[in-house]
Amino acid sequence: MTSVNHGEIMSGDGIEKSHILLVEDEIAHAELISRAFESKVDMVTLTVAHSLHDARARLGAFKPDLVIVDLLLPDGNGIEFLTHEERDLSYPVIIMTSHGDEQVAVEAIKAGALDYVVKSDVSLLEMPHIAERALREWRLSIKRQQAEARLRESEERFRQVISSISDHIYMTEITTDGVFINRYLSPNSEELTGYSHAQMLGNWDFWLSLIHPDDRANAEAQFLYLKTGQHNEIEYRLIHANGHTLWVRDNARVKDEGESRIIYGVVSDITERKQIEAELKQYREHLEELVVKRTVELKRATEAAQAASRAKSEFLSNMSHELRTPLNGILGYTQILKRDANLTGRQQDALSIIQESGNHLLTLINDILDLSKIEASRMELYLVPVHLLNLLRDIVNGVVMRAQQKGISFRYEPDPDLPTGVLADEKRLRQVLINLLDNAIKFTDTGEVVFQVSVLSSTATPTENGRIHLRFQVSDTGIGITPSQLPRIFRPFEQVGDRRHRAEGTGLGLAISRRLVQMMGGDLHVSSKPGEGSVFWFAANFTPTVLQDLAEFSAARKITGYKGSRRRALVIDDKKHNLLVLGDMLESLGIEAVLAESGEEGLTRAHQVRPDIILLDLVMPGMDGYETVSVIRHSPDLQHIPVIAVSASAFDKDKERSLTAGCNEFLSKPLYEDALVKVLETYLHLEWTYQDIGLVHQTSQPVILEEATAVSFAVPPVNDMSILLDLALRGDMRGIRQQATRLKTQHHAYTSFAETLIQLARQYDEQKVLALIKQNM
Ligand code: ADP
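Residues numbered from 1 in each chain as written. Predicted model: local features only at pLDDT ≥ 70, side-chain atom pairs only at ≥ 80, totals over all residues. Heavy atoms only, no water.

Student: I'm lost on the overall build of the protein chain in this one. Help?
Tutor: Helix and strand counts for the protein chain stand at 26 helices and 29 strands. At 60 Å, the protein chain has a C-alpha radius of gyration far larger than the 28 Å of a compact globule built from 777 residues. Each principal axis of the C-alpha distribution contributes one length, and for the protein chain these read about 175 × 65 × 45 Å. For the protein chain, the proportion of its 777 residues judged to be buried stands at 45%. Taking as baseline every contact in the protein chain between residues at least 6 positions apart, the subset at least 24 positions apart corresponds to 67%. (Helix = DSSP H or I, 4+ residues; strand = E, 2+ residues; numbered from the N terminus. Rg over C-alpha atoms; globule rule 2.2 N^0.38 Å. Buried < 20%, exposed > 50% of the residue type's maximum accessible area, 1.4 Å probe, protein only. Contact = heavy atoms within 4.5 Å.)

Student: Can you walk me through the environment of Glu356 in this structure?
Tutor: Relative to the helices and strands, Glu356 is located in helix α12 (residues 345-375). Its relative accessible area of 48% is what places Glu356 among the partly exposed residues. For the pair Glu356 and Asn390, spaced 34 residues apart in sequence, the C-alpha separation works out to 23 Å.

Student: How do you make sense of the pairing of strand β24 (residues 592-596) when you look at a structure like this?
Tutor: Here is the key point about a regular strand: its side chains alternate between the two faces of the sheet. Here 5 bridges tie strand β23 (residues 568-572) to β24, and the two strands are oriented parallel to one another. Its bridge partner being in β24, Arg568 is matched across the sheet by Glu592. A crossover connection joins β23 to the parallel β24 through helix α18 (residues 576-588); in handedness this β-α-β unit is right-handed. (Pairing = 2+ DSSP bridges. Right-handed = clockwise from strand over helix to strand, strands pointing away.)

Student: Looking at this structure, I do not really get the packing of helix α24 (residues 733-746) against helix α25 (residues 751-762). What am I missing?
Tutor: When two helices pack together, you describe them by how their axes are tilted relative to each other and by the distance separating the axes. For the pair α24 and α25, interaxial distance at closest approach is 9 Å and the crossing angle is 160°. By the angle between their directions, the pair α24 and α25 is classed as roughly antiparallel. Seen from above, α24 lies across α25 with left-handed handedness. Across the interface between the two elements, Met733, Ile736, Arg737, Ala740, Thr741 and Lys744 of α24 pack against Thr751, Ala754, Glu755, Leu757, Ile758, Ala761 and Arg762 of α25. Looking at side-chain class alone, the contact of α24 with α25 contains 7 nonpolar, 2 polar and 4 charged residues. (Axes fitted to C-alpha atoms, helices over the stretch in contact; angles between N-to-C directions. Parallel < 35°, antiparallel > 145°, perpendicular 65-115°, else oblique. Left-handed = near helix turned anticlockwise from the far one by under 90°. Nonpolar A, V, L, I, M, F, W, Y, C, P; charged D, E, K, R; others polar.)

Student: Whenever I open this one, the pattern of salt bridges confuses me. Can you help?
Tutor: If the charged atoms of two oppositely charged side chains come close together, the side chains can form a pair. On inspection of all chains with the given rule, the structure shows 32 salt bridges. Across the salt bridge formed by Lys119 and Asp70, the nearest N and O atoms sit 2.9 Å from each other. Taken together, the residues span a long stretch of sequence, with Lys119 in the loop between β9 (115-118) and α5 (121-125) and Asp70 in strand β5 (residues 66-70) at a distance of 49 residues. With respect to burial, Lys119 and Asp70 carry one shared label: buried. Salt bridges sharing common partners tie together Glu24, Glu26, Asp70 and Lys119. (Salt bridge = Lys/Arg side-chain N within 4 Å of Asp/Glu carboxyl O.)

Student: What is the right way to read helix α23 (residues 718-729) from this model?
Tutor: For the α-helix, the turn length of 3.6 residues means that residues three or four positions removed from each other point alike. Along its 12 residues, α23 runs 16 Å from first to last C-alpha, staying within 8% of the 16 Å computed at 1.5 Å per residue. Buried within α23 are the following residues: Asp720, Met721, Leu724, Leu725, Leu727 and Ala728. Looking down the long axis of α23, one finds its buried residues gathered within 165° of arc, a one-sided arrangement. Away from its buried face, by an angle of more than 90 degrees, α23 presents the exposed residues Val718, Asn719 and Leu729. Residues of α23 that are buried in the fold lie against α24, α25 and α26 (766-776). Once α23 finishes, Gly731 follows within two positions and takes phi at roughly 75°, a positive value. (Expected span 1.5 Å × (residues − 1). Arc of directions from axis to C-beta.)

Student: Where do I start with the packing of α23 against α26 in this structure?
Tutor: Remark: α23 packs on α26, axes separated minimally by 9 Å, with the N-to-C direction vectors making an angle of 155°. With respect to α26, the axis of α23 lies roughly antiparallel. Judged by the sense of rotation from one axis to the other, the crossing of α23 with α26 is left-handed. Along the contact surface, α23 presents Met721, Leu724, Leu725, Ala728 and Leu729, while α26 presents Val769, Leu770, Ile773, Lys774 and Asn776. Residues that form the contact of α23 with α26 fall into these classes: 8 nonpolar, 1 polar and 1 charged.

Student: What should I look at first to understand the side chain of Gln355 in this one?
Tutor: By the secondary structure assignment, Gln355 is in helix α12. Residue class for Gln355 comes out buried when judged on its relative accessible area of 19%. The contact partners of Gln355, leaving out residues within four places of it in the chain, are Leu331, Thr334, Gln335 and Lys338.

Right, dumping it as structure tokens:
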């Protein structure tokens, strides 16, 4: 056995050193072949075995690239080698035969030999070429097999991918003649349509016939469009073999391949999406319907609500008018009657009660009206120059008595830096402060009530727009409010706490106050502890202002008359008692009053008497106030006469309407003397004559009012006080009451003082009566 290294054989696509096993028992042949391979020593390693047994042993040690085996061997033949059950098929085998063995050679090829060589001197020497060719062929065939295997594998993968996609994929050729031919249809097309592959493949018209008749024309047009080479996406319905209709989306891309054009398309089942779309559309339409329906309902409801609100406003306006008219009579006459010095003490007391009750009723009407105005967003603030110091003092004067009557201290602490004048809605600011102070006194049985007004941004450093920040605070040591009650107290008609206190109020005050404070640009705050007391406060910006005529704000004086000739006023009102009240008020101021009970009569009287001023009721049967004033304004004789509307209406619209109709001013009923005085003064250019009864306390220093001590209101002269002191020392409470009543009728500035005395005397609280008199002497 010889082993010769022979070198490499160049294979088709690269250098590989090949290992060849030669099985040849004839030494001469083996050597000849070995010699022939010598020139290829770099490419081929040749191993020689001399028998089948020897060859098998060698194959156990290495794996050849090629085996050349002689047909006839001492221990068997080449065919046996080929057909041996352990034969490894990974290398090719060439059989060498002798002359005349061609028949066997054919057999060998059948048995799996790659080639055969008929032994001759020439062929043995040619063996390296034969081996090289065989190897190349073998390797090529291996590569082909591998490529085929890979192709099979990838085809299988593609098939699997395609069948796992629910979409149907197709490939259609558009021939140069413009004919459509289905070239490929993915397997799921059968499921999609219910027809077999064979029916559909190659048959474009069959596919078209599956399209829903209603969609076919459009689909065909779109397919023709593909001929131009443009991509396309269309949706149409297909009729499944089972008769069901399904929606598909056909997404086609066109690619030119050689002469022809190929459509690669994906057909997706979009039935579900279409159903959802249809449902959505229906839902949307239904929604629109619903919106239209609801809008109509809402409109109806709004109209009904507006009508109800209008009805409510009208009702309130009428009710308020109806209530104010008799109240005008009641309050007007109490004011007039109280001036009568001949009244007995009992009569004075009764009048005071009538007046108080009337005022209480009026507050109630006003509160309800305010609330309805707030609810209808019709409440507005009217800013005018206000003497802040006087306003605050006035408010304090009004409440201090009640504190004293209850035996609690009242402390007023104004900031020394308070501006004298500010722009404010005096009525509303007063309303809020009185509400807070009244409540504090009402809900406090022992201890004190403190009213503080402070400047947060001082006058020296006003806010950007020249406004100053004022803070108003009312604190008390009263019953307090529990945390659970706190959120309720600002709600209308909500009253919390015990019954005794509730009876005195309406539960509207805080609801209105908070809204008013909000309109002023602030908010009403509260902190409270049950049993310890409450603090209510708010802050808002105010514009300081210079007051033109300080005098008018300060003195408390009794009018005795006016300078110059006697003036004449015409009063027009259909209600007799209103006429009488107003007439009496005018007469008590020294003005002649001419009365008329209707618009028509008023006009006649106006022509007859040529009044200096006309006071006109607005709501009257026949010719009403608006019509009357417009006639006056068109009459050359009367048009210059100032006309003042006097109405029980509390609505701004009535005021505006009266001014538009030609009135110069609007006064609301019940009519207060002060307001009347002011209007007469303005329009009749009156210079009043007074009986001075002393100035009210005008300091901005803290006024400390301890229990039944010094108060900031007008007190009677010393001799009157001495009488009171004498009566008090003797414990004559009846005498005190009579004396106090007399003082009250002397001038209304003494009212507060006198009423406190009367109250204390009624309770026979001799000590408090004495203390009050002593402190004020
Ligand atoms: P009214 O005083 O007319 O009842 P308000 O709206 O002014 O109505 O007040 C509502 C409720 O808030 C009162 O009934 C009372 O229960 C509570 N309240 C208000 N101020 C005080 C206070 N200073 N101390 C204790 N409770 C108060």
